[in-house]
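Okay, here's what each chain looks like letter by letter:
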Amino acid sequence: MLRVIVENVPPLDQGKEPSGQFAASLTSVAIFAGVILTAALFGNFTRPAGHLSAFWPANALMLGMLVRNPKLARPFALLGAAGAYMCADLISGGPLVMTLLLTIANMVSVMAGYQLFSRLDPLDQRLGRPLSIFYLVLGAALCAAAAGVVGGIANPLLFQGSVLEGWGFWFVSELVNYIAILPVILTLPALAWSKDKADVSRYASLNVTPAMLAPAAFLVLSAIAGLVVGGPGAIGFPVPALLWCALVYSQFMTAVLTLLFSGWTLLAISMGYIPLGLDNNEWSTVMSIRMGVTLIALAPVTVASVTAVRNELMRRLQHMAAHDQLTDLLNRGGFKARSQALLGLPSAAKQPVAMLMLDIDRFKDINDTYGHAAGDRVLSAFARLAAAKLRGGDPFGRIGGEEFAILLSDCSRECAEQIAHHIRTVFEQATIDVGDGRSITATVSIGLVMAEKPIVDLDALLLAADKSLYRAKREGRNRVELGELDAGPSMLFDGWRA
């Protein structure tokens with residue numbers, strides 16, 4: 001049967017009220033400005049007399065939010081951000097001239113960085129590969145240099161210093177803030193805004209072991225040791241712990257811990273908690289300390305990026321080794337390994353299991369009539385439709401050309417038969433687009449075998465289900481046949497054979 005499939009896709013914004021969009025936009029801008037206001041007030045709280053803030057998170061937060069949500073890079077939102085900067089400084093008692101200069105410096109700094117980051121590949125925006133760290137440093141340096149231009153002008157007016165000294169101090173101060181804070185925003189998992197309850201529950205169910213907490217505990221102990229010992233070398237105490245964290249934790253968690261280290265170190269030195277034996281009022285000393293913290297913060301972020309790329313590569317290789325490339329189902333080896341592991345679980349000791357063998361009827365005729373590309377589409381369509389009828393965690397694999405297998409654990413005979421019939425029916429009723437405006441239908445035959453005691457040889461289950469499948473083919477195809485599992489000693493599962 002041939003059929004042309006035409007789908008009408010409605011516009012993405014269909015059904016949305018303009019007033020609703022404006023209200024949502026206004027809310028986003030309010031949140032955006034509120035975050036910047038809060039961060040700026042915190043930064044002003046860390047400002048020593050006669051100096052810039054010891055820790056200034058507002059600019060990096062603003063840049064990160066613009067990169068993650070480009071819709072905020074609009075005049076209305078940017079005006080809200082500028083207003084937040086000015087309000088924070090006026091609330092803190094800053095003179096109007098100083099407030100204006102600092103606001104201009106902040107906005108120029110952020111927008112200079114946004115011009116670079118907005119042009120990067122999304123993978124680089126998320127620090128998804130080692131080269132991304134170069135772009136991070138380049139972007140942070142661009143932001144810091146832009147702020148330094150305004151700082152060179154403002155320094156003689158606000159702090160009675162030289163232009164060059166002002167540019168250098170503003171550059172270093174902004175650089176450390178961007179390097180410490182920006183990775184946290186850029187690597188923040190999308191899960192933070194996810195509405196997928198399955199994703200949320202998957203992350204919430206992660207088991208935290210003492211071994212996982214060890215790097216973070218070591219980092220805390222290193223920071224305490226820096227407080228106790230003091231001296232210029234104290235800022236380097238946490239470096240081994242940070243590198244350990246980068247090897248064990250995700251990019252985001254490493255970035256968070258690095259931010260905590262950077263913020264703590266800068267604030268502790270500024271408030272005198274870490275005695276360095278140096279004059280903290282000397283600008284050269286402050287610049288040296290902040291540049292040192294910048295370089296230390298960069299190390300774990302770089303290691304975490306390289307580690308994340310390596311882990312993703314290993315995950316892909318493992319996935320490819322165990323999965324069929326066409327359907328993305330388990331391949332024969334992957335199916336047997338997953339099924340054997342499932343049968344070997346202690347919780348499966350008293351649970352009945354079912355094995356389904358499925359074979360697409362007259363598949364050779366489909367290939368001969370419509371071509372192998374059409375046959376591939378039929379296989380992919382079947383895999384997708386059948387998977388939708390399974391429970392989460394049921395091993396499903398393509399173990400031959402057009403032959404598939406499914407293991408249903410803790411499944412009664414009635415449940416197994418119902419699942420098998422649902423798969424057969426939904427595939428029979430589906431029309432499959434095979435290209436060139438053609439659509440076809442196909443059917444599947446299914447062999448089913450039950451095992452009341454799941455401690456059985458997996459190969460015996462497959463063989464018995466295959467016999468049932470052969471009978472379904474012989475009896476006319478497009479049907480489900482239930483077979484029997486032999487109870488001989490050879491059917492028992494021997495652990496050493498797994």
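Everything numeric in this text was worked out from a predicted model, so none of it was measured.

Visitor: Outline helix 10 (residues 239-248), listing residues and values.
Guide: Taken together, the buried positions of helix 10 are Ala241, Leu242, Cys245 and Ala246. Taken down its axis, helix 10 places every buried residue within 145° of arc, on the same side.

Visitor: Lay out helix 7 (residues 163-186) with the relevant residues and their values.
Guide: The end-to-end C-alpha distance of helix 7, which contains 24 residues, comes to 33 Å, matching closely the 34 Å that a straight helix rising 1.5 Å per residue would cover. Taken as a whole, helix 7 carries its principal kink of about 25° at Tyr178. Counting buried positions over the 24 residues of helix 7 gives 20, a clear majority of the element.

Visitor: Talk me through the packing of helix 10 against helix 11 (residues 251-270); I want residue IDs and the actual numbers.
Guide: What describes two packed helices is the angle between their axes and the distance between those same axes. Running from amino to carboxyl end, helix 10 crosses helix 11 at an angle of 165°, the nearest separation of the two axes being 9 Å. As far as their axial angle goes, helix 11 and helix 10 are roughly antiparallel. Helix-helix and strand crossings are classified by hand; for helix 10 and helix 11 the assignment is right-handed. On helix 11, the residues touching Leu242, Cys245 and Ala246 of helix 10 are Thr254, Leu257, Thr258 and Phe261.

Visitor: Can you break down the pattern of salt bridges residue by residue, with the values?
Guide: This structure, assessed with the given rule, holds 15 salt bridges. Arg315 is the partner of Glu312 in a salt bridge, and the nearest nitrogen-oxygen pair spans 2.8 Å. On the criterion of helical spacing, the pair formed by Glu312 and Arg315 is a turn pair, its members being 3 residues apart in helix 12 (residues 283-322). Of the residues examined, Glu312 reaches a relative accessible area of 29% and is grouped as partly exposed. Exposure remark for Arg315: the relative accessible area of 44% places this residue in the partly exposed category. We note a salt bridge from Arg398 to Asp324, for which the minimum N-O separation is 3.2 Å. In this pair, Arg398 is assigned in strand 2 (residues 396-398) and Asp324 in the loop between helix 12 and helix 13 (332-343), connecting sequence segments 74 residues apart. For Asp324, a relative accessible area of 15% corresponds to the buried category. By sharing partners, the salt bridges in this structure join Glu312, Arg315 and Arg316 into a single network.

Visitor: Summarise the sheet that holds strand 3 (residues 403-409); cite the residues concerned and give the values.
Guide: Pairing in this open sheet of 5 strands is mixed, and the strands run 2-3-1-6-7 from one edge to the other. If you trace the sheet from one side to the other, it starts and ends with strand 2 and strand 7 (480-483), each paired once. Between one strand and the next, the sheet's axes are offset by a mean angle of 20°, whatever the strand orientation. Strand direction decides the pairing type here: strand 1 (residues 353-360) and strand 6 (residues 444-451), joined by 8 bridges, are antiparallel. By the bridge assignment, Met355 is partnered in strand 6 with Val449. Where helix 13 meets the sheet, it contacts strand 1, strand 2 and strand 3, and its direction lies at approximately 15° from that of strand 3.

Visitor: How would you explain empty space enclosed by the protein if you had to name every residue and give the values?
Guide: According to the stated counting rule, one finds 3 cavities of 30 Å³ or more in the structure shown. Roughly 50 Å³ of volume is contained in the second largest cavity. Ala223, Gly226, Leu227, Ala234, Ile235, Pro238, Phe261, Trp264, Thr265 and Ile274 are the residues that line the second largest cavity. Contributions of two or more residues to the lining of the second largest cavity are made by helix 9 (210-229) and helix 11. In terms of residue class, the lining of the second largest cavity is made up of 8 nonpolar, 2 polar and no charged.

Visitor: Which residues make up the pairing of strand 1, and what values go with them?
Guide: Counting buried residues in strand 1 gives 8 out of 8 residues, a clear majority hidden from the surface. Both faces of strand 1 are covered, namely the face carrying Val353, Met355, Met357 and Asp359 and the face carrying Ala354, Leu356, Leu358 and Ile360. Here 7 bridges tie strand 1 to strand 3, and the two strands are oriented antiparallel to one another. Paired with Met357 across the two strands is Ala405, which belongs to strand 3.

Visitor: Just give me the short version of the packing of aromatic side chains, but keep the residues and values in it.
Guide: In the structure shown here, the tally under the stated rule is 8 aromatic pairs. Centre to centre, the rings of Phe42 and Phe55 are 6.5 Å apart; their planes meet at 85°, and the pair counts as edge-to-face. Of the two residues, Phe42 sits in helix 1 (residues 18-45) while Phe55 sits in the loop between helix 1 and helix 2 (58-68), which places them 13 residues apart along the sequence. The exposure class of Phe55 is buried, given its relative accessible area of 6%. With a centroid separation of 5.0 Å and an interplanar angle of 80°, the aromatic rings of Phe382 and Phe427 are classed as edge-to-face. Of this pair, Phe382 sits in helix 15 (residues 372-387) while Phe427 sits in helix 16 (residues 413-429), and the two are 45 residues apart along the sequence. Per residue, the accessibility class of Phe382 equals that of Phe427, and both read buried. Within the aromatic cluster, the residues linked to one another by ring pairs are Phe382, Phe396, Phe404 and Phe427.

How each quantity is defined
- Residues numbered from 1 in each chain as written.
- Predicted model: local features only at pLDDT ≥ 70, side-chain atom pairs only at ≥ 80, totals over all residues.
- Heavy atoms only, no water.
- Buried < 20%, exposed > 50% of the residue type's maximum accessible area, 1.4 Å probe, protein only.
- Helix = DSSP H or I, 4+ residues; strand = E, 2+ residues; numbered from the N terminus.
- Arc of directions from axis to C-beta.
- Expected span 1.5 Å × (residues − 1).
- Bend = angle between axes of the 7 residues up to and from the residue.
- Axes fitted to C-alpha atoms, helices over the stretch in contact; angles between N-to-C directions.
- Parallel < 35°, antiparallel > 145°, perpendicular 65-115°, else oblique.
- Left-handed = near helix turned anticlockwise from the far one by under 90°.
- Contact = heavy atoms within 4.5 Å.
- Salt bridge = Lys/Arg side-chain N within 4 Å of Asp/Glu carboxyl O.
- Pairing = 2+ DSSP bridges.
- 1 Å grid on protein atoms, 1.4 Å probe; cavity = no way out; pocket = protein on both sides within 12 Å on 5 of 7 lines; lining within 4 Å.
- Points joined across faces, edges and corners; volume = space filled by probe spheres on them.
- Nonpolar A, V, L, I, M, F, W, Y, C, P; charged D, E, K, R; others polar.
- Phe/Tyr/Trp six-rings, centres within 6.5 Å; stacked < 30°, edge-to-face > 60°.

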